[in-house]
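Here is what each chain is made of, one letter per residue.
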Amino acid sequence: MMKAVVSVLIFIMSVSDSSARIHQLKLKNETRFLVHLNSFGYFEDGTLDVHLVSLKLPQDKSNSGKVGFSLARSRVSGIFYTAEEVEQCKLTKSKSDEELILFIIDTKDLSVQVKHFGHSNITLVSRLKPKTTPDGEKARTKRETAEDVTPKEPSVDKTTKPEESSQDKAKVTPAVSQKVESLDGKRLELQQHGDSYNFSFRLMMSASSQGLYNLDFHNCLDTRMQSPYSLHVEITEKNPSGYLSASEIPLPRLYISMAAVFFAAAVVWTYTLLKYRYSVFKIHWLMAALAYTKAVSLLFHSINYHFINSEGHPIEGWAVMYYITHLLKGALLFITLALIGTGFAFVKYILSDKEKKIFMIVIPLQVLANVSYIIIEETEEGSSEYTLWREILFLVDLICCGAVLFPVVWSIRHLQEASNTDGKAAMNLEKLKLFRHYYVMIVCYIYFTRIIAILLKITMSFQWQWGQEFLIEVSTLIFFVLTGFKFRPASNNPYLQLPQDEEDLEMDEVITESGVLEGIHKVKKTSNGRERQREVAL
């Protein structure tokens, strides 16, 4: 198992080129019309730095004005785009009701046209395209470029915050840059090196412009051409408190708090197992291992987000520890649910062939689901692999959630048949009731964590979308507590009240059903070596 985990992590690290909130996306021979680069929630004074390192387009003079970037404010992430939004090119819009900024690349004029739709105040910091002199030559000196800037547009050297590194300045705010508050109609300088183009810009949000924004790259060339292009872009998104999006800022505190709660629940469960150790089965200890693994996974998740917020990227060692515990937690969760559903260790010690097939399906799928999750975490949203693995994760997760219900359904059906055929109807009905409760619990858990949580994220404001993770963790905690309470090791638990001697039960049924021997009782002596005796009550 550990060898498989290590192999998976080595594979993931080898194919990953993501750097968390400081993004670097490289696409070669790309043909997509819309590339969703990222979604990020900005507070006031949040900044977006985009540096187009290289853009190679097909050798066609009609490319001008048909490629560029868009930054649109939305209530949902770009992964929820509809087919109509994908087919319609935003670069051709002449009006828009949403907050939208377009950067349209003009390869003929070597400029980038900026269009701004909306009323929010967003500041642009970038190198403007120099004006031309009467004889048609461009003004190239710093002095001439500075004369083109009005006094209300101070140089970026005076407005850049001191905490920004000189390396960042060199990347996204070249020399002779201007700070512009009126975006619409401005033209940025586009540089050409051989057959590639590059430019940079920085946007700074105000109080009226804060929100969730989707950054996309658009290729509006003729769909019949299918000409590939290459793109290399570096993106840095930041809020005043760090590199996390507005909806992610509370997550480090949420995860560390839930880790403490799960650890406390695991300690209480361990104390219960030690107190009732004569009624404890191996699966009880498996449930304890799941609770501890969940707590450790949340701890590493919190540490991972802390370093992303402060450094802009995770620390590799902490990230690997989180991925290992996350993979183990996912496998343990579905194995435990399936074992409880089959009644293994409680009711029987042998799994049927069809139950074994469920485990042969669920366990590999769970490994695949966790691998998909890790690859998604380590892959840029704009890459084609991101969409593929996200769809695989969604499909596999649904299959696992559906498959884990089959053992519970089989157990319910078996108990229903047994309650009608043998003489232990009361005991079977108690177990049947318990299994039905367990089935409803699993369905509710899946419903809340897979459907309600997503709907909550879509409908809530951008800064409260962390409520999705809060709902998932609280639902998981409630599900763990209820499962432990239902199947706790206790003498009065109907799930654990099993017949110890089938022959005695059969004899008792025969005797009590006979009218001649009515009133005969069976007495079982203590284990002192004496034989069992029967007495007749006259």
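Residues numbered from 1 in each chain as written. Predicted model: local features only at pLDDT ≥ 70, side-chain atom pairs only at ≥ 80, totals over all residues. Heavy atoms only, no water.

**Student:** Run through the side chain of T342, naming residues and quoting values.
**Tutor:** For T342, the location among the structural elements is in helix α8 (residues 316-342). At 2.8 Å, the side chain of T342 and the backbone oxygen of L339 are in polar contact. (Helix = DSSP H or I, 4+ residues; strand = E, 2+ residues; numbered from the N terminus. Polar contact = N/O pair within 3.5 Å; in protein donor to acceptor, adjacent residues only side chain to side chain.)

**Student:** Could you give an account of the packing of aromatic side chains, with specific residues and numbers?
**Tutor:** To describe a pair of aromatic rings, one takes the distance between the centres and the angle between the planes. This structure, assessed with the given rule, holds 20 aromatic pairs. Between the aromatic rings of F69 and F217, the centroid separation amounts to 5.3 Å while the plane-to-plane angle is 65°, which identifies the pairing as edge-to-face. Here F69, found in strand β4 (residues 67-74), pairs with F217, found in strand β12 (residues 211-219); they are 148 residues apart in sequence, far enough to count as distant. The burial state of F69 is the same as that of F217; both residues are buried. Summarising the aromatic geometry, the rings of F479 and F480 are spaced 6.4 Å apart at their centres and angled 50° between planes, so their arrangement reads as tilted. Both residues of the pair, F479 and F480, belong to the buried class. Pairwise contacts between aromatic rings join F69, F103, F199, F201, F217 and Y229 into one cluster. The residue whose ring lies beneath K294 is F262, and the NZ or CZ to ring-centre distance is 5.6 Å. (Phe/Tyr/Trp six-rings, centres within 6.5 Å; stacked < 30°, edge-to-face > 60°. Buried < 20%, exposed > 50% of the residue type's maximum accessible area, 1.4 Å probe, protein only. Lys NZ or Arg CZ within 6 Å of the ring centre and 35° of its normal.)

**Student:** Could you give an account of the side chain of N219, with specific residues and numbers?
**Tutor:** Mapping N219 onto the fold places it in strand β12. Classification of N219 by relative accessible area gives buried; the value is 5%. Ignoring any residue separated from it by four or fewer positions in sequence, one finds N219 in contact with R32, F33, K66, V67 and Y229. (Contact = heavy atoms within 4.5 Å.)

**Student:** So what about the nonpolar core? Which residues, and what values?
**Tutor:** Formed by 55 residues in total, the largest nonpolar core has its most connected members in F262, L333, F334, V404, Y438, I442 and F479. Mapped onto this core, the elements with two or more residues apiece are α6 (251-275), α7 (282-311), α8, α9 (353-377), α10 (384-403), α11 (405-421), α12 (425-459) and α13 (467-486). If sequence neighbours within four positions are ignored, L333 has contacts with L290, Y445 and F480. Counting residues in hydrophobic clusters, the runner-up holds 38 residues, among them L27, L52, L183 and L188. (Core = buried A, V, L, I, M, F, W, Y, C linked by side-chain atoms within 4.5 Å.)

**Student:** So, a nonpolar patch on the surface: which residues are in play, and what are the values?
**Tutor:** Among the surface-exposed residues, Y447, F448, I451 and L455 lie close enough to one another that they form a single nonpolar patch of about 370 Å² accessible area. Inspection of the secondary structure assignment puts Y447 in helix α12. (Patch = residues over 30% accessible without salt bridge, like charges linked within 9 Å, V, L, I, M, F, W, Y side chains within 5 Å. Areas by Shrake-Rupley, 256 points an atom, 1.4 Å probe, with all protein chains shown as cover. Salt bridge = Lys/Arg side-chain N within 4 Å of Asp/Glu carboxyl O.)

**Student:** Could you give an account of α8, naming the residues involved and the relevant values?
**Tutor:** With 27 residues, α8 extends 39 Å from end C-alpha to end C-alpha; this agrees with the ideal 39 Å at 1.5 Å per step. Most of α8 is tucked away: 20 of the 27 residues are buried. Phi for G343, located one or two positions after α8, is positive at around 80°. (Expected span 1.5 Å × (residues − 1).)

**Student:** Tell me about the environment of G68, and name the residues and values.
**Tutor:** In this structure, G68 sits in strand β4. Assessed through its relative accessible area of 0%, G68 is described here as buried. Excluding residues that lie within four positions of it along the chain, G68 makes contacts with L91, F103, I105, D216, F217 and H218.

**Student:** Quick one: what's the story with the sheet that holds strand β5 (residues 100-106), residue by residue and with numbers?
**Tutor:** Read from one edge of the open sheet, 6 strands run β2-β12-β4-β5-β6-β9, paired in antiparallel fashion. This sheet does not close on itself; its edge strands, each paired only once, are β2 (34-42) and β9 (187-189). Neighbouring strand axes in the sheet, compared pairwise and without regard to direction, differ in orientation by 20° on average. In this sheet, β12 lies alongside β2 in antiparallel orientation, the contact comprising 8 bridges. (Pairing = 2+ DSSP bridges. Axes fitted to C-alpha atoms, helices over the stretch in contact; angles between N-to-C directions.)

**Student:** Please give an account of unusual backbone geometry that cites residues and values.
**Tutor:** Of note, D45 is a non-glycine position whose phi angle comes to about 70°, a positive value. Take D45: it is sitting in the loop between β2 and β3 (47-56). With a phi close to 50°, L110 is a non-glycine residue in the positive phi region. For L110, a relative accessible area of 23% translates into the label partly exposed.

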